[in-house]
Amino acid sequence: MSEKKPKIGVYVCHCGSNIAGMVDVEAVRDWAQAALGQDGVVVSRDYKFMCSSLGQELIEKDIQELGLERVVVAACSPHLHEKTFRTASERAGLNPYLTELVSIREQVSWVHTDKQVATEKSKALVSGAVHRVAYNTELQPLKVPINPNTLVVGGGIAGIQAALEIANAGFHVYLVEREPSIGGHMAQFDKTFPTLDCSACILTPRMVEAGTHPNITLLTWSEVISVSGYVGNFNVTIKKKARYVNEELCTGCGICVEKCPQKVIDDVYEAGLGYRKVIYTPFAQAVPKYPVLDRPNCTFFKNGKCKACEKFCPTNAIDFTQEDQYLNVEVGNIILATGYDLFDARRVTNYGYGRLPNVFTSLEFERMSNAAGPTGGEITLRDGKTKPETVGIIHCVGSRDKNFNNYCSSICCMQSLKFAHLVKERTGATVYEFYIDMRTPMKAYDEFYQRVLEEGTLFVRGKVAEVTNATHGPHEKGKLIIQVEDTLVGKQRRIPVDMVILSVGMEPRHDAKQVGQMFGISCSSDGWYIERHPKLDPVTTMTEGILIAGCASGPKDIPASVAQGAAAAARVLDKILQKEVELEPIRATVDESKCSGCRICNNLCPFNAISFLDDVGVTRINPALCQGCGTCVAACPAGAISGTGFSNEQIFAQIEGLLMGV
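Residues numbered from 1 in each chain as written. Predicted model: local features only at pLDDT ≥ 70, side-chain atom pairs only at ≥ 80, totals over all residues. Heavy atoms only, no water.

A word on helix H13 (residues 512–519). Given 3.6 residues per turn, any residue in an α-helix points the same way as the ones three and four places further on. Of the residues making up H13, those classed as buried are Ala512, Val515, Gly516 and Phe519. Viewed along the axis of H13, the buried residues span an arc of 100°, placing them on a single side of the element. Residues of H13 that are buried make contact with strand E6 (150–153), strand E11 (222–230), strand E18 (333–336), strand E28 (506–508) and strand E29 (546–548). Following H13 by one or two positions, Gly520 adopts a phi angle in the positive range, close to 75°. (Buried < 20%, exposed > 50% of the residue type's maximum accessible area, 1.4 Å probe, protein only. Helix = DSSP H or I, 4+ residues; strand = E, 2+ residues; numbered from the N terminus. Arc of directions from axis to C-beta. Contact = heavy atoms within 4.5 Å.)

What follows is the structure, encoded as structure tokens:
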């Protein structure tokens, strides 16, 4: 480049006391003007809040009056305000990619305790940015057209809400659910806290609306098996598993279910407490209404006999020759609302689940208390007859536990309070709640807690050590004994009960990592999908066009899941209505004349943006898929791949600037 240095402006933010409390902002300002003048700095200023309208106007005025050709802002994280300062530069007529943001809040002020060290580090970072920005080039955003169709994966309440929001706006949605019916976990519940609404009563209308909406193609008993493309232009292959029922002929009359002679334990919807037929609909209000045949347990598929369902079907809808179908759909955006799995209570062996008969999980209790459940809403012990006189409810099973999951599952306290109310209401039993901390932070939640207290539920603060049937005297005979340290009174207690309910926590779906890899998104160390920003952008991911909603990103209750489903839909509608989306031009490119065809980079890209062209023997990068992470740039042994905005000249200049004071 020319020996003439571009005119650079440096702006240092106080951020109130966030930065100024640990960094001598004025010293950094003066140093930049004095020491970096030979590197092109023509103006250096500080301001209390650079991100404010007045701070932005200060930058804009200098660009216009002083003819600045580059801007360096030393403030907070680029994740937070890079767009703010780029936009300010653009308003003043400067290409936004000639603006560089330096984080002296997160990387300096918030991590240092020595003001002198923090100030010197800030100077080094500013110097690095000044040297780097001189090599920045004018870039233009990539514009990609948006296909107005949307794919929603997961038919729980979050997925249903997202699909309805988009469909009601007049755009087509493919709603894919791996189970025979939409509804998710919410369809299994009896009541919802804190208002004790009937879960089915508020969910079923939404299910029916989604199942009959002209803008929604409902694909249940289906799974996504491959995804290719990029935002605005995804190509998705969906496997529609064989139901062995012709949906065009089936009326949902249920005669096939009634006549089927074979029963099996329902491990999914009834949580193992009840039975279902081999040909079945999961529950009475299932959407769609068509049954599905459980091939592994079907007598005909085992030994070629039976066919009772086919013989009695009045519309000849049973089709034993039906095979899986593979559908190809093109969509512009994808919303993942894949939900959660429940923690397996057998892993906490000291609580006795699976070994002691009258220890139940929260989902088993939900089904037991449901009027449509296996006991018709009667709360009984495992014998199906005896009503409990004392019940112990244990919170945080599998959650807030360093041996299993360190996080709080969000719903367990309120779920347990709901159980206490239902037990008292239907059996009059004495109820003990064993909790670590009571967490009731949302609207009307604490009022519900107070209501349960007033109903006479007994609360014991302490983590339960053991549930056992080993008795210490006649008064404990035939009981389950809960051994717990009551931290409020400071002593160990043994409390005999008839029934124990384990409030198990939420876990990521068992295949979350594999599904995430297919869609090009990442999981946290706990296994939940990672959002672009946990506070400011909780429904988008680092892969443009892939959004997340509900419990796919972490434990949530029903209102939060519904809100996230609607929020994800709003983001999708924003893109659809714009008809095209602007993508960051920070992308990797391949110099094909240097590419040796070694393919080292091909399997490293976390966004599946790299492909190998066999006909010419070189690698090529799809700029719409590339997120500019730089993995391929670092890995290429021939140096054939370069990253826009991160050229060798820029990186080496930044290093030189960082080491200027050493």
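What follows is about a nonpolar patch on the surface. A contiguous nonpolar patch, built from Phe652, Ile655, Leu658 and Leu659 and spanning about 370 Å² of accessible area, is present on the exposed surface. Mapped onto the secondary structure, Leu659 falls in the segment after helix H16 (648–658). (Patch = residues over 30% accessible without salt bridge, like charges linked within 9 Å, V, L, I, M, F, W, Y side chains within 5 Å. Areas by Shrake-Rupley, 256 points an atom, 1.4 Å probe, with all protein chains shown as cover. Salt bridge = Lys/Arg side-chain N within 4 Å of Asp/Glu carboxyl O.)

A word on H16. Among the residues of H16, Gln650, Ala653 and Gly657 are the ones counted as buried. The buried residues of H16 occupy one face: seen down the axis, they fall within an arc of 70°. Turned more than 90 degrees from where H16 packs its buried face, Asn648, Phe652 and Glu656 sit exposed. Looking at the buried residues of H16, the elements they touch are helix H4 (115–133).

Before going further, it helps to spend a moment on the packing of helix H10 (residues 362–369) against helix H11 (residues 412–427). H11 packs onto H10 with a crossing angle of 35° between their chain directions and a minimal axis gap of 11 Å. Considering only the axes of H10 and H11, their crossing is left-handed. Within the contact between the two elements, H10 uses Ser362, Phe365, Glu366 and Ser369 and H11 uses Gln415, Lys418, Phe419, Leu422, Val423 and Arg426. Grouping the amino acids of the contact of H10 with H11 by side-chain chemistry returns four nonpolar, three polar and three charged. (Axes fitted to C-alpha atoms, helices over the stretch in contact; angles between N-to-C directions. Left-handed = near helix turned anticlockwise from the far one by under 90°. Nonpolar A, V, L, I, M, F, W, Y, C, P; charged D, E, K, R; others polar.)

The domain boundaries assigned to the protein chain delineate domain 1 (8–139), domain 2 (242–323), domain 3 (341–507) and domain 4 (585–644). Between the C-alpha centres of domain 1 and domain 3 there is a distance of 56 Å. (Domains from an automatic or database assignment.)

Once that is clear, we can look at the packing of aromatic side chains. The final tally for this structure, using the stated rule, is 12 aromatic pairs. Their ring planes at 20° and their centres at 4.9 Å tell us that Tyr269 and Phe283 sit as a pair that is stacked. Residue Tyr269 is found in the loop between strand E13 (263–266) and strand E14 (274–277), and its partner Phe283 is found in the loop between strand E15 (279–280) and strand E16 (292–293); the two are separated by 14 residues along the sequence. Just as Tyr269 is buried, Phe283 falls in that class too. Here Tyr435 and Phe459 contribute two aromatic rings whose centre-to-centre distance is 6.1 Å and whose plane-to-plane angle is 75°, an arrangement assigned as edge-to-face. Of the two residues, Tyr435 sits in strand E22 (residues 430–435) while Phe459 sits in strand E23 (residues 458–461), which places them 24 residues apart along the sequence. A residue is classified by how much of its surface remains accessible, and Tyr435, at 9% relative accessible area, is buried. The class of Phe459 is buried, set by a relative accessible area of 17%. (Phe/Tyr/Trp six-rings, centres within 6.5 Å; stacked < 30°, edge-to-face > 60°.)

Right, let's get into the side chain of Asn358. By secondary structure assignment, the location of Asn358 is in the loop between strand E19 (340–342) and strand E20 (359–361). Take Asn358: its relative accessible area is 17%, and that puts it in the buried class. In this structure the side chain of Asn358 is engaged in a polar contact, spanning 2.9 Å, whose partner is the backbone nitrogen of Arg382. Aside from chain neighbours lying at most four places away, what touches Asn358 is Leu381, Arg382, Leu480, Asp498, Met499 and Val500. (Polar contact = N/O pair within 3.5 Å; in protein donor to acceptor, adjacent residues only side chain to side chain.)

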